[in-house]
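# Close look at the chain arrangement
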Amino acid sequence: MNSENIGYENGLKALKQVEVFLAQVGWEPQQTDIEEVLLVDFESENIPIANAHFDVRVDYERFLCYFNFKDIAGEEQRKYVMEFITLANFDLVIGNFELNLNTGQVRFKSSVDFTQLELNNTFIRNTIKCAMDVVEVYGEALVEVINGTKEPMRAFQEAGVGLTNSNEKGKFNLE
């Protein structure tokens, strides 16, 4: 068996592990049209996220976690959303906000390369937790910019206050 087959098998194993992990934390993953992508719908009105999708790039041994915002940036707001995203992304260690300039969809992405490693629950949890932490700090401010109720710099500065409150219990729970 060559190394490409070993990587592919490792990727398939990782996809199953992600599905098991999501079920264990009570998130009820749903299969999508794309075999390697699982979707979790969030129905809560208390968070700015509509859903998350979890993508295992089986051939490349990569795990990607996307948190998709409910609100869509209208054409007139997209330049302000880009400004906010640029401010927020600059000092992020892992992950980034993304804006689809054609549709106005906003999401946060976190990922991990697990080449030649087992994608275990710790890797999965940490990848998801990283995304959750950033969304908790910047999510509400970003929605205010998307909706045009706050200027990007002001929203960013006010959201940054949340970075010092790391001991607070978050809105998401992976325990």
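Residues numbered from 1 in each chain as written. Predicted model: local features only at pLDDT ≥ 70, side-chain atom pairs only at ≥ 80, totals over all residues. Heavy atoms only, no water.

## What about the confidence of the model for the protein chain?
Overall, the predicted model of the protein chain reaches an average pLDDT of 91, with 89% of residues at or above 70. Scored below 50 in pLDDT, residues 164–170 shows one contact in the model against residues more than four places distant or in partner chains. (pLDDT = per-residue confidence, 0-100. Contact = heavy atoms within 4.5 Å.)

## Observations concerning the pairing of strand 3 (residues 49–57)
Along strand 3, seven of the nine residues are buried, which leaves the element largely enclosed by surrounding structure. Where strand 3 lies against strand 4 (residues 62–69), eight bridges are found, and the strand directions are antiparallel. In the sheet register, arginine 57 faces strand 4, and the bridge partner there is arginine 62. (Buried < 20%, exposed > 50% of the residue type's maximum accessible area, 1.4 Å probe, protein only. Helix = DSSP H or I, 4+ residues; strand = E, 2+ residues; numbered from the N terminus. Pairing = 2+ DSSP bridges.)

## Some points on the nonpolar core
With 47 residues, the main nonpolar core has Trp27, Phe54, Phe63, Phe67 and Ile128 as its most contacted residues. If one sorts the elements of this core by residue count, helix 3 (residues 121–146) sits on top with 13 residues. Setting aside chain neighbours within four positions, we find phenylalanine 63 in contact with Val18, Phe54, Asp55, Val56, Ser110, Ser111, Val112, Phe114, Leu119, Ile124, Thr127 and Ile128. (Core = buried A, V, L, I, M, F, W, Y, C linked by side-chain atoms within 4.5 Å.)

## Quick look at the packing of helix 3 against helix 4 (residues 152–160)
Contact geometry of helix 3 with helix 4 gives a least axis separation of 9 Å together with a crossing angle of 160 degrees. As summarised for this structure, helix 3 and helix 4 are arranged roughly antiparallel, according to the angle between their axes. Along this stretch, helix 3 crosses helix 4, giving a crossing that reads as right-handed. Together, Val137, Tyr138, Ala141 and Val145 of helix 3 and Pro152, Ala155, Phe156 and Ala159 of helix 4 make up the contact between the two elements. (Axes fitted to C-alpha atoms, helices over the stretch in contact; angles between N-to-C directions. Parallel < 35°, antiparallel > 145°, perpendicular 65-115°, else oblique. Left-handed = near helix turned anticlockwise from the far one by under 90°.)

## A short note on the pairing of strand 6 (residues 106–113)
Of the pairings in the sheet, the one linking strand 4 to strand 6 comprises seven bridges and is antiparallel in character. Paired with tyrosine 66 across the strands is lysine 109, a residue of strand 6. With four bridges joining them, strand 5 (residues 96–99) and strand 6 adopt antiparallel strand pairing. Across the sheet, phenylalanine 97 pairs through a bridge with phenylalanine 108, a residue of strand 6. Connecting strand 5 to the next strand, strand 6, in antiparallel fashion are six residues, including glycine 104 with a positive phi near 85 degrees.

## Some words on helix 4
Buried residues of helix 4: Pro152, Ala155 and Ala159, and no others. For helix 4, the angular spread of buried residues about the axis comes to 70 degrees, placing them on one side. On its buried face, helix 4 is in contact with helix 2 (78–90) and helix 3. (Arc of directions from axis to C-beta.)

## Some words on the packing of aromatic side chains
Under the criterion given, the structure shown has 10 aromatic pairs. Centroid distance phenylalanine 42 to phenylalanine 67: 6.2 Å. Interplanar angle 10 degrees. Geometry classified as stacked. Here phenylalanine 42, found in the loop between strand 2 (37–41) and strand 3, pairs with phenylalanine 67, found in strand 4; they are 25 residues apart in sequence, far enough to count as distant. Residue phenylalanine 67 is classed as buried on the basis of its relative accessible area of 0%. Taking the centre distance of 6.2 Å and the plane angle of 50 degrees together, the rings of phenylalanine 69 and phenylalanine 97 count as tilted. Here phenylalanine 97 lies in strand 5 and phenylalanine 69 lies in strand 4, a separation of 28 residues in the sequence. Ring pairing ties together the aromatic residues Phe69, Phe84, Phe97, Phe108, Tyr138 and Phe156, which thus form one cluster. (Phe/Tyr/Trp six-rings, centres within 6.5 Å; stacked < 30°, edge-to-face > 60°.)

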